[in-house]
Amino acid sequence: MRRPCREVGVPSGGGQEQPGLSAPEDFHLLGKLVGRLLLCSAREDQGISWRAADALHYLYRFAWQRESKKLAGDNAEHPQLQQEGQAEHTGFWLAFSNSTSHIISIFGKYLLPSERTDIILTAIEGMRDSSIFDLQAATSMLDVVLMEPTSWLKNVPKIVRCIYENLRCISTGSARHSLDILLLLLTYLYPSEVVISLLNCSPPCDSIATTMWEVMVCLPTSLDKVLRKLLSILEDRLLLKGRRAVTEDTCFLPLAAGKALCEILRQPACRQTVAALFPQLYMALLLQICFAAAFLPQESSACWRKCCPGDPASPASPGRSAVQAMKALLCCAGYEEQVLTIQKRAGWDLLLRAETHHSGVRMLAREMRTNTAQQRSCIFRHVESLLSRGDKLQEVPAMAFFVELLSCADLKAVDCCVLYLLQRYLRHQGVEMRSLVLRGLITLSKRPEMARKMQELLPDLMEMLQDANTDIRMKALVVSGNVVQHMDRAAVGPVALQLVEKLVPLFDDDSSQLRELSICHFRELVEIVMGKTKKHMQQKVHRCLLPLFFHMNDEIQSVAKASQEALITAAQCLKWEQLRDLSQTGQTWRIGKCLLARGRSYVEEDLRQSLPYLEDSQASLRDVAVRFFGLAGRHLKSPREQKLRDICSDLRPLQNDIEPSIRSLATQNIIILGTPRKQPASGWKLPSLRCWLRRAGDRWNWPLGNSSP
């Protein structure tokens, strides 16, 4: 004890004041020294105890003089400080007859915040099982802190770390109880700092950290604060909005928060509080899984190795850790059956792979549909709010979840705001997002009341019929058809005319499903148009006859059947009975002749429309196109040589077709069309000539029987 007393210039035992108190700014160990001396003053050895008390007395004068200098001058508080200091000098020695807590309370008002923190750290260290100091003195020091927390608890991270580093070596019940109260008080007053400090102390959440989390959440008030802070870390808005670079450091806290949450949710007392925060926690963990497994797997895995270096108890990846937290959340909320169902369907594994995680998200959403209507509604509204924020990294999985919930028939939260949200994302640049939105719109458009509200989406949907992605075109067509089906018949005409124009190019799409669907929708549009609009529809139907004729020979039987039915409907719209009858009986070549009989202007347009079918991937359509070209060439009443040469030129590439029958057919047509036609003989046959001469003779009195008049 004499050595530390000499270092600060105080006497080692009762007597004269020593020099050395003139430079307080150089003395930065005051808090630690006061803490140690307070512990020594409670030792059973009276010699050590009194020497410690003597040193504390001079350290007290040192602290008082330092504070007095700060308040010197015109400060009105300085005289009062002088009076208080004199009184405390007189009673300082008497304090030892009371308690350690009384001494520390006298010291406290003259110590700096960092010095007060050092006293707390010293008291915690003094509680270790191996400590030579009196446990009761250390506990008394913490009692003062607990009575005046706002003035003592200034450096929360250092205090939390000190508790974490020493707790393993403290087994005495009274000491543990004092630390538990201190930790609870810290959590109540400074939940954010305590949570972040403990996450930094133990990212993998070892047994000591788990013990501290258990203490922190043992009361409902502290539990709510801890969960809300962990939730805010998991959501991490700045990261998800991409406002800073994603690195190991930015991944660190969310991953550690997920691990801590997993441990907290295993506590039985959490169930009631978790119920109130379930939608937010559920989506935060789900997005954390997607973030770790799909968006930035390399960065998150590197961060996880940093969090859990060599920890065999930790999951192999951050994604699996988040999955464990999700399971714990569902079990805590009473959804053990859903956890088992997802496990049986390998849903958790789907979530962990980048190429399948959206399927996993949809599976989780489908399981959530079994919740109560109130719980589903809360989750739905929360997901809607997430999408409204426009966070780029979370919008796709959130939309996948959102779309699944839209299929709940009893969901009353679907309104115009939802449609506006879907319309906004309908213009998203990402194919995956547009596909998800259209999937949701398909679900909503099956409900008549919703379909009628979706008419404003038709311009966007029609534009998407020209999208490069087949899945987008297919879904846009389904939604458009459902919306038109539920429109008022008086208002559907103009929309049907616009939609028919968009459908015709889809008749020849590579996807057989899209061909069939577009042709079926065409037939439905033609059937529902009435009144003045029907005349305009007839003009458009004329341009659709030839594609329908060709696809009556489609290799896909369902497409061929749909084309035949659509051609029958088109003929009825045009009031063309012959075409209707031929279409009903499927007389392909008579239908072709019937179409060519419309007139020379139609023949030339038909030839132009038929050109793409000469290069179609289906052999059956190329075959029909070659035959139609030959038929059209022979059908021209007064063909020009140039036109026939053009037809032969169009057919010539087909002589090298991979199908022998098409090569042969093209060659035959070229030969036939290339052969010069004989001029028709004079119409003056002998019987006709005799009749004409007889009439002329009667008129001019020519004797038909004589050789001369």
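Okay, so let's go over this structure. Everything quoted here is computed from the prediction, not taken from an experiment.

### Examining the overall build of the protein chain
1) Next: On a plain count of helices and strands, the protein chain comes out with 40 helices and zero strands.
2) Next: Carbon and sulfur atoms make up 51% of the accessible area of the protein chain, which amounts to about 33,800 Å² in all.

### Focus on the pattern of salt bridges
Close approach of charged atoms allows side chains of opposite charge to pair.
1) Next: Under the defined criterion, the tally for this structure stands at 23 salt bridges.
2) Next: For the salt bridge of Arg 369 with Glu 404, the shortest nitrogen-to-oxygen distance reads 3.7 Å. Of the two residues, Arg 369 sits in the loop between helix H21 (357-368) and helix H22 (373-389) while Glu 404 sits in helix H23 (residues 395-405), which places them 35 residues apart along the sequence.
3) Next: Under the relative-accessibility criterion, Arg 369 is labelled partly exposed at 29%.
4) Next: Salt bridges sharing common partners tie together Arg 366, Arg 369, Glu 404 and Arg 439.

### A closer look at the packing of helix H29 (residues 492-503) against helix H30 (residues 512-528)
1) Next: Taken N-terminus to C-terminus, the directions of H29 and H30 make an angle of 155°; their axes are 10 Å apart at the nearest point. One way to sum up the angle between H29 and H30 is to call them roughly antiparallel. Handedness of the crossing formed by H29 with H30: left-handed. Contact with H29, carried on its side by Val 492, Ala 496, Leu 499, Val 500 and Leu 503, involves Ser 518, His 521, Phe 522, Leu 525 and Ile 528 of H30 and no other residues of that element.
2) Next: Across the contact of H29 with H30, the residue classes break down as eight nonpolar, two polar and no charged.

### Quick notes on the nonpolar core
1) Next: Trp 213, Tyr 282, Met 399, Phe 401, Phe 402, Leu 441 and Phe 522 are the most contacted members of the largest nonpolar core, which has 218 residues in total.
2) Next: Here this core gets 12 residues from one element, more than from any other, and that element is helix H16 (residues 271-295).

### Points about the environment of Cys 594
1) Next: By the secondary structure assignment, Cys 594 is in helix H35 (residues 588-596).
2) Next: A sequence separation of 16 residues divides Cys 594 from Gln 578, and the C-alpha atoms of the two residues are 7.8 Å apart.

### What about the packing of helix H2 (residues 30-40) against helix H6 (residues 113-125)?
1) Next: Running from N to C, H2 and H6 cross one another at 40°; their axes reach a closest spacing of 7 Å. Our classification of the angle between H2 and H6 gives oblique. In terms of crossing hand, the pair formed by H2 and H6 is right-handed. For the pair H2 and H6, contact is made by Leu 30, Gly 31, Lys 32, Val 34, Gly 35, Arg 36 and Leu 39 and by Glu 115, Asp 118, Ile 119, Thr 122 and Glu 125, respectively.
2) Next: Split by residue class, the contact of H2 with H6 holds four nonpolar, three polar and five charged.

### Points about helix H39 (residues 660-674)
1) Next: For H39, spanning 15 residues, the distance from its first C-alpha to its last is 21 Å, which sits close to the expected 21 Å at 1.5 Å a residue.
2) Next: Taken together, the buried positions of H39 are Ile 662, Leu 665, Ala 666, Asn 669, Ile 670 and Leu 673. Considered in projection along H39, the buried side chains sweep an arc of 135° and stay on one side of the axis. Those residues of H39 that are exposed and aimed more than 90 degrees away from the buried face are Pro 660 and Ile 671.

### Some thoughts on the environment of Arg 622
1) Next: In this structure, Arg 622 sits in helix H37 (residues 619-635).
2) Next: Owing to a relative accessible area of 7%, Arg 622 belongs among the buried residues under this scheme.
3) Next: Taking the C-alpha atoms as reference points, Arg 622 and Asp 657, 35 residues apart in sequence, are found 9.4 Å from one another.
4) Next: Among all residues touching Arg 622, those that are not within four sequence positions of it are Tyr 613, Leu 614, Glu 615, Asp 616, Ser 617, Leu 654, Asp 657, Ile 658, Glu 659 and Ile 662.
5) Next: A polar side-chain atom of Arg 622 sits 3.3 Å from the main-chain carbonyl oxygen of Ser 617.

### As for helix H13 (residues 220-235)
1) Next: Its 16 residues give H13 an end-to-end C-alpha distance of 22 Å, which sits within 8% of 22 Å, the value for a rise of 1.5 Å per residue.
2) Next: One or two positions beyond H13, positive phi appears at Asp 236, with a value near 40°.

Parameters at a glance
- Residues numbered from 1 in each chain as written.
- Predicted model: local features only at pLDDT ≥ 70, side-chain atom pairs only at ≥ 80, totals over all residues.
- Heavy atoms only, no water.
- Helix = DSSP H or I, 4+ residues; strand = E, 2+ residues; numbered from the N terminus.
- Areas by Shrake-Rupley, 256 points an atom, 1.4 Å probe, with all protein chains shown as cover.
- Salt bridge = Lys/Arg side-chain N within 4 Å of Asp/Glu carboxyl O.
- Buried < 20%, exposed > 50% of the residue type's maximum accessible area, 1.4 Å probe, protein only.
- Axes fitted to C-alpha atoms, helices over the stretch in contact; angles between N-to-C directions.
- Parallel < 35°, antiparallel > 145°, perpendicular 65-115°, else oblique.
- Left-handed = near helix turned anticlockwise from the far one by under 90°.
- Contact = heavy atoms within 4.5 Å.
- Nonpolar A, V, L, I, M, F, W, Y, C, P; charged D, E, K, R; others polar.
- Core = buried A, V, L, I, M, F, W, Y, C linked by side-chain atoms within 4.5 Å.
- Expected span 1.5 Å × (residues − 1).
- Arc of directions from axis to C-beta.
- Polar contact = N/O pair within 3.5 Å; in protein donor to acceptor, adjacent residues only side chain to side chain.

Take it as geometry only, folks, not as evidence of what the structure does.
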